[in-house]
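Here are the chains, one letter per residue:
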Amino acid sequence: MALFLLQRLGTLLITLLVASLLVFLVMEVLPGDPASIILGVNARADTLAALRAEMGLDRPAWERYLLWLGGLVTGDLGRSYTYGVTVWELVAERIGLSLPLALMAIVLSTVLAIPLGVLAAARRNKAADVGVMGFTQLGIAIPNFWFAILLILLFAVHWQILPAGGFAGWDAGFWPALKTLLLPAVALALPQAAILARVTRSSVLETLGEDYVRTARAKGLSRRAALWRHAVRNALIPVVTIMGLQFSFLLAGTIIIENVFYLPGLGRLIFQAIAQRDLIVVKDLVILLAASVVVVNFLVDLLYAVLDPRLRGGGHVL
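Here the structure is a predicted model, which means the values were calculated and not measured.

1. Overview of the overall build of the protein chain
And then number 1: On a plain count of helices and strands, the protein chain comes out with 13 helices and zero strands.
And then number 2: The linear arrangement of helices and strands in the protein chain, starting from the amino end, is α-α-α-α-α-α-α-α-α-α-α-α-α.
And then number 3: By principal-axis analysis of the C-alpha atoms, the protein chain measures approximately 85 × 60 × 35 Å.
And then number 4: Residues counted as buried form 41% of the 318 residues belonging to the protein chain.
And then number 5: Counted over contacts in the protein chain with a minimum sequence separation of 6, partners at least 24 positions apart contribute 72%.
And then number 6: Carbon and sulfur atoms make up 69% of the accessible area of the protein chain, which totals about 16500 Å².
And then number 7: Counting 25 positive and 19 negative side-chain charges, the protein chain places the averaged centre of each group 17 Å from the other.

This is how it looks when you write it as C-alpha cells:
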C-alpha cells in the first residue's frame, strides 16, 4: 500500500508539471498584448514597454515559466493585472460560491441518479427501466443553459419563489445565500444525474450477472438482499469514478451557468480574465483547477479499496 501511494504521488506531481507546461504554452500563443489591453491602443510605445517590463513580459519565455513555476511551488501566485490584488485573494473570494455550488450539484445528482440507476437495473426492460432511460436521454440532450433559463422563468418569474440570479453572499445569512444557489445547482445537476444514472444501471446489470450474485441467490438470499448487499456495492466503483470526474467538472466548468445566473464564481472569473488577457490569473486558476482534478482522482483511487475489499492487497494495486 505504501509503495502504491508513493507511485501515485509521483504520478500526481509529474501530471501537474506537464499540465503547468501545457497551460503556459497555451497562454503564450493566445493573441493580444496584456499591456495594450490595460493601457489602451493609443498608449505610447515607451509607456507600453515600461509596463511590459514591470509585468515581466519582456523576459524570455523559459525564464517566465520557471519564475511562475517557482511561485506555484512556494505558494506565491502573483498579482492580477486587472483587479490589482493577489490571485489568492481572488480565489478565496470566489471559492466561497463555486465550492458550495459544486457540492450542492453533486449531492443532488447522486441522490437522484443512484436510486434511479438501481431501479432501472432491477426492473430491466420493464416500464420503470424505460422511464428512467427516457429521463436520462432527456437530461443528456437538454443544454444546461436552456434548462437554467427555463428554471428562471418558472421559479423566479412565474412563481416568484426563488431569485433569478446574483449571489446574496453568506454574510446575508445561510438561507438567503442558499436560495440563490438552488436553481444553478439544479441546472448543473440534471445532465450529471442523467449520465450517472446510466453508468449506475450498466454497472449494476453487469454485477448482477456475476457468479457470486447467482451463488447468493442459490443459497436462498432474496433478490432485493442480493441486489443491495452484493451487486450495488461492487457496482459503485465505476460510479465513484464518474462522480469524481463530475465534481471536478462542476468546480471548474460552470462558466455558462455562472453567466446565466450572474454568479461571481471561479468559472466567471476565468471567463473575465481571458477576455481581459489577465494571463497570471488565467494560468493560476487553470493549474489550480487541474490540480483539483488530479487530487480528486487520487482520492477516488483510495476509495476503491473501501468499496471493494478484493483490491486492498498488494503494493502495486489497491
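2. A look at the packing of aromatic side chains
How two aromatic rings sit relative to each other is given by the distance of their centres and the angle of their planes.
And then number 1: Evaluation of the coordinates by the stated rule reveals six aromatic pairs.
And then number 2: With 6.3 Å between their ring centres and 25° between their planes, Phe-24 and Trp-68 make a pair best called stacked. Highlighted residues: Phe-24 in helix H1 (residues 2-29) and Trp-68 in helix H4 (residues 61-74), separated in sequence by 44 residues.
And then number 3: By relative accessible area, Phe-24 is classed as buried at 3%.
And then number 4: A connected cluster of aromatic rings, assembled from ring pairs, spans Phe-24, Tyr-65 and Trp-68.

3. Let's talk about helix H3 (residues 45-55)
And then number 1: Looking at H3, one finds that the buried residues are Leu-48, Leu-51 and Met-55. Taken end-on, H3 shows its buried residues confined to a sector of 65°, consistent with a single buried face. The exposed residues of H3 that point more than 90 degrees off its buried face are Ala-45 and Glu-54.
And then number 2: Phi turns positive one or two residues past the end of H3, at Gly-56, with a value near 80°.

4. A word on the packing of helix H5 (residues 87-122) against helix H12 (residues 266-275)
Between two packed helices, both the angle of their axes relative to each other and the distance between the axes serve to describe the pair.
And then number 1: Closest axis-to-axis distance for the H5/H12 pair is 8 Å, and the angle between their directions is 135°. By the angle between their axes, H5 is oblique relative to H12. Mapping the contact onto sequence places Leu-90, Val-91, Arg-94, Ile-95 and Ser-98 in H5 and Leu-266, Gly-267, Leu-269 and Gln-272 in H12.
And then number 2: Taken together, the residues of the contact of H5 with H12 break down into five nonpolar, three polar and one charged.

How each quantity is defined
Residues numbered from 1 in each chain as written. Predicted model: local features only at pLDDT ≥ 70, side-chain atom pairs only at ≥ 80, totals over all residues. Heavy atoms only, no water. Helix = DSSP H or I, 4+ residues; strand = E, 2+ residues; numbered from the N terminus. Buried < 20%, exposed > 50% of the residue type's maximum accessible area, 1.4 Å probe, protein only. Contact = heavy atoms within 4.5 Å. Areas by Shrake-Rupley, 256 points an atom, 1.4 Å probe, with all protein chains shown as cover. Lys, Arg positive; Asp, Glu negative; His and termini not counted. Charge placed at Lys NZ, Arg CZ, Asp CG, Glu CD. Phe/Tyr/Trp six-rings, centres within 6.5 Å; stacked < 30°, edge-to-face > 60°. Arc of directions from axis to C-beta. Axes fitted to C-alpha atoms, helices over the stretch in contact; angles between N-to-C directions. Parallel < 35°, antiparallel > 145°, perpendicular 65-115°, else oblique. Nonpolar A, V, L, I, M, F, W, Y, C, P; charged D, E, K, R; others polar.

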